[in-house]
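Residue-level structure breakdown
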Amino acid sequence: CACHHTFILPIAYRISREFNQTIQLQLHNGLLRRNLEEEAVRLQEKERQLQEQMQRGDLLQTEKDSATEMLRDASEEKALLLDAIGEGVFGLNQRGYITFTNTTALTLLGCTEADFLDESIGQFLFQDGTDSEDSVYRAIADCFKTGVPVHNMEAMLCGKDELVLPVRLSCTPVAKDSGVTGGVS
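Summarised in this report is the structure supplied together with it. (Residues numbered from 1 in each chain as written. Predicted model: local features only at pLDDT ≥ 70, side-chain atom pairs only at ≥ 80, totals over all residues. Heavy atoms only, no water.)

Structural notes on a nonpolar patch on the surface
The grouping of Phe19, Ile23 and Leu27 at the surface amounts to a nonpolar patch, some 310 Å² of accessible area in total. Position of Ile23 relative to the elements: it lies in helix H1 (residues 2–84). (Patch = residues over 30% accessible without salt bridge, like charges linked within 9 Å, V, L, I, M, F, W, Y side chains within 5 Å. Areas by Shrake-Rupley, 256 points an atom, 1.4 Å probe, with all protein chains shown as cover. Salt bridge = Lys/Arg side-chain N within 4 Å of Asp/Glu carboxyl O. Helix = DSSP H or I, 4+ residues; strand = E, 2+ residues; numbered from the N terminus.)

Here's what the structure looks like:
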């Protein structure tokens, strides 16, 4: 009968349209699921890479800590050796500025390390109006220029509270690949 067809056709059309929408939604849902799975794999890879970088960072930090400890130990050993000499020792850079001192030098002159660091050795040579302090300073400068050590120069060093101490200075150049970088006096 025709009335069943007119009633069934719109329902069939509506069911067909809903079925197509369901299929399209299922396809879209499958595509989204696949995209999510791919994104999850990418994120897992990124997380793995981040973990590797963190492990490398931890390893580098451990190596840095170890190198810092070795450097600290070497520095302490250098200080012990310099103190064991029993004589005052100054380290100088190329310009004649003090880069380190040992405890004996500090004790003899009644100064602190801060009094000396980054100061010119010439500042501590006694100024009596003679050429002796200039000749000592020139001898140190020549030592740096030529790379030849100088020994047993008589000089007067100034310390705290107007202390003037007669000393015999020697200066041995410290050389690296490119030449003299300073000296020990």
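Points about the pairing of strand S4 (residues 164–176)
Looking at chain direction, strand S3 (residues 150–158) and S4 are connected through seven bridges and run antiparallel. Looking at S4, one finds that Glu154 is bridged to Arg168. Count of turn residues in the S3/S4 antiparallel hairpin: five residues, of which Asp161 carries a positive phi of about 55°. Where S4 meets strand S5 (residues 179–184), five bridges bridge the pair, whose relative direction is antiparallel. The residue bridging Ala175 from the neighbouring strand is Val180, located in S5. Between the end of S4 and the start of S5, which pair antiparallel, lie two residues. (Pairing = 2+ DSSP bridges.)

Considering the nonpolar core
Of all hydrophobic cores here, the largest spans 24 residues; its most connected members are Phe90, Phe116 and Ile140. Broken down by secondary-structure element, the contributors of at least two residues to this core are strand S1 (90–93), helix H2 (103–109), helix H4 (132–146), S3 and S4. The element contributing the most residues to this core is H4, with five residues. When neighbours within four sequence positions are excluded, Ile140 is seen to be in contact with Leu92, Ile121, Met153 and Cys171. (Core = buried A, V, L, I, M, F, W, Y, C linked by side-chain atoms within 4.5 Å. Buried < 20%, exposed > 50% of the residue type's maximum accessible area, 1.4 Å probe, protein only. Contact = heavy atoms within 4.5 Å.)

Looking at the sheet that holds S3
With antiparallel pairing, five strands are arranged side by side in an open sheet as S2-S1-S5-S4-S3. On the outer flanks of this sheet lie strand S2 (98–101) and S3, each paired with one strand and no other. Within this sheet the neighbouring strands show an average axis-to-axis angle of 30°, counted without direction. Across three bridges, the pairing between S1 and S2 is antiparallel. Note that in S2 the partner of Leu92 across the bridge is Ile98. (Axes fitted to C-alpha atoms, helices over the stretch in contact; angles between N-to-C directions.)

Examining the packing of aromatic side chains
In total, this model carries two aromatic pairs according to the counting rule given. Arranged with centres 5.2 Å apart and planes meeting at 65°, the rings of Phe90 and Phe116 form a pair that is edge-to-face. Remark: Phe116 occurs in helix H3 (residues 113–116) and Phe90 occurs in strand S1; sequence separation between them is 26 residues. We note that Phe90, like Phe116, is buried. Both rings, one in Phe116 and one in Phe124, keep their centres 4.6 Å apart while their planes meet at 50°; by these two values the pair is tilted. Across the pair, exposure class does not vary: Phe116 and Phe124 are buried alike. (Phe/Tyr/Trp six-rings, centres within 6.5 Å; stacked < 30°, edge-to-face > 60°.)

Structural notes on the environment of Gly182
With respect to the helices, strands and loops of the structure, Gly182 is situated in strand S5. Given a relative accessible area of 1%, Gly182 falls into the buried group. In this structure, the C-alpha to C-alpha distance between Gly182 and Asn152, residues 30 residues apart in sequence, is 18 Å. Discounting residues that sit within four places of it in the chain, Gly182 has contacts with Leu92, Asn93, Gln94, Phe144, Thr172, Pro173 and Val174.

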